[in-house]
Amino acid sequence: MKQISLFTFLFISLFSSLSAQNSNWQDKTAPDVLASVTHGKTSDVLVVMREHADVRAAEQLSTKLEKARFVFERLQSTAEQSQVNARAIIRAAGAKANSLFLVNAIGIEQADRDLVSRLAALPEVAWIGSDPWVKFDNPFVTNTISAAPKDRSSVEWGIEKIRATAVWGLGYTGQGITVGGADTGYEWTHPAIQPKYRGWNGAPDNAEHNYNWHDAIHDYSPLNLDSAGNPGFAPCGLNGLIPCDDNNHGTHTMGTMTGDDGQGNQIGVAPGARWIGCRNMERGWGRPSTYIECFEWFMAPTDLNNQNPDPAKAPHVINNSWYCAYEEGCTDSLINDLIRIAVVNLKASGVVVVISNGNDGPWCGTTSHPAAMFQESFSIGATQDNDYIANFSSRGPVLVDGSNRMKPNVSAPGQNVRSSIRNGGYANFSGTSMAGPHVVGLVALMLSARPELAGHVADIEQIIEQTSVYFADTVDCGPGSLGISRPNHAYGWGRVDALDAVNQALLWQPAVSTHSPNLLAAAVFPNPVSETAVFDVQNCLGKTSLEVFAMDGKRVIFNEIQKNGHVVFQTPMTGLNKGMYVYKISSENGVLAGKLVVESR
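Residues numbered from 1 in each chain as written. Predicted model: local features only at pLDDT ≥ 70, side-chain atom pairs only at ≥ 80, totals over all residues. Heavy atoms only, no water.

## Digging into the confidence of the model for the chain
Averaged over the chain, the pLDDT score is 90; the fraction of residues at 70 or greater is 92%. Counted against residues more than four places away or in other chains, residues 1–23, with its pLDDT under 50, gives 43 contacts. (pLDDT = per-residue confidence, 0-100. Contact = heavy atoms within 4.5 Å.)

Written out as structure tokens, the structure reads:
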């Protein structure tokens, strides 16, 4: 089975080397950001912290929920502790910022020279790069038709092609499974997808959007503004509390995943599944921070106030029919790598991450954009109804980073795909954006047939690859990339087959131990505290330390015990001033961090 990448060590080593070599803030600032702020302008930036949580132990956990909680807690505690100084500087500057625990970075809008220089001077900051708005090229619109029902005896060609209907005949339609979509938004009231929305309860004025919808668009792209600096007609506005689509793209992809209006428009691969959604583009423009924010929300969905994250409400699989194009501004390799880290961490939490491979074909080496280009991404090419690879579908190998890795992983129907669009309509679109949703639906079918497979991402990916129908390409892309190879640069392992994948899923047995490792856990009480705080720590291994930090980053308490198992720190707080503190508990099997409030005595 595939293994989660050792990205943590590579990433830390890269940034540690960068920090050691550079002694001033300019050396840790991207050239375009530096040029902007030194000329009196502001820049939208991502501040990348050096410390990154090691979440590989999640591989040893047996259930999706265990994985989700473990990874979420590790990532959140790491960000909580390592971002203390940076957040204090940002607050003092009055800047608008967004902490992203998923990748341990902070997005800041309109940062000036003073703010950038102070943040870059922090030893815990590894890099400050730009957060550019990037234009997403829409798929090809083949035909737009009315909402008139089709003959109920037929379903869309792509569903038939991958044999999803045969899986339905076995009784598996995606029931009990939640799919997610990160896209231009969703017209949730469309009759083909409304009944499938997880927040829908049958009453249009009483839908539950908490934990089912998130809008990551907090500002208008300057490239969408008119000459007077106004956004013009922006259908979805900002920070929307109700699902909205300003582009058609998202509604179309969700229809292919789950759509069925009960009146003959059987457009979804997994009509028994439920969906949740996140908007990561504003009228087709997104940025690294909006893409990452949606990834983060899918790990632990929140309420509409972006509070109370709950990893138990995470989807099983998410669709990503977008890319961050180099030509449009995604040129900072260190910032782009945050998208890869987001994919890796989300997968570690048990979520299958499906990525469209891109529409830059037919030439070799055209898989070149985040996130499709990454080894860890499950990338999907597009096929026609005759099973030929679509002319537009991006080909591998990946040359842009010198890896020569094979892409895509698999292929699926993506040309002339009929699905839902805004205003209750339907249209035929073509693109790898249409292929990815077929695979998301396939995952839902597999998990409805074998629920115990949920969370075992590498196994799910391997089953899909190994059961795909092999096709060869007529073109070679160099000595190491022959068209007859399997996998190859056009089809990957082949065009997906839902029936064979589900049958294989039914035979699946876990390859990992079902015994959960002893993971560090702690309870802190009372909190708030006035006299003595008790830190009750379970599952300690070796030397365990307790550190308490003031909000300026100064360590005010340190204690250490050499003991396995149960450790209790009874720590007087009488010498501390009233206010907020951060505690960090470290043992050989993990790190925990959190907030502690000291009250006046």
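## Let's talk about the pattern of salt bridges
Enumeration according to the criterion identifies 21 salt bridges in this entry. One salt bridge in this structure joins D215 and R279, with 3.1 Å as the shortest N-O distance. Note that D215 is positioned in strand β8 (residues 213–215) and R279 in strand β9 (residues 274–279), a separation of 64 residues in sequence. Classification of D215 by relative accessible area gives buried; the value is 4%. Here R279 falls in the buried class, since its relative accessible area comes to 1%. (Salt bridge = Lys/Arg side-chain N within 4 Å of Asp/Glu carboxyl O. Helix = DSSP H or I, 4+ residues; strand = E, 2+ residues; numbered from the N terminus. Buried < 20%, exposed > 50% of the residue type's maximum accessible area, 1.4 Å probe, protein only.)

## A look at helix α3 (residues 64–82)
Between the first and last C-alpha of α3 there are 27 Å, a value that for 19 residues agrees with the 27 Å anticipated at 1.5 Å per step. Of all 19 residues in α3, 14 are buried; the element is thus mostly enclosed. (Expected span 1.5 Å × (residues − 1).)

## Details of the sheet that holds strand β2 (residues 96–100)
Taken together, 4 strands build an open sheet; the order of strands is β2-β3-β1-β4 and the sheet is antiparallel. Of all the strands in the sheet, just β2 and β4 (125–130) have a single pairing partner and so form its edges. Averaged over all pairs of adjacent strands, the angle between their axes in this sheet comes to 20°, without regard to strand direction. Across 5 bridges, strand β1 (residues 43–49) lies against β4 in antiparallel orientation. Paired with V47 across the bridge in β4 is I128. (Pairing = 2+ DSSP bridges. Axes fitted to C-alpha atoms, helices over the stretch in contact; angles between N-to-C directions.)

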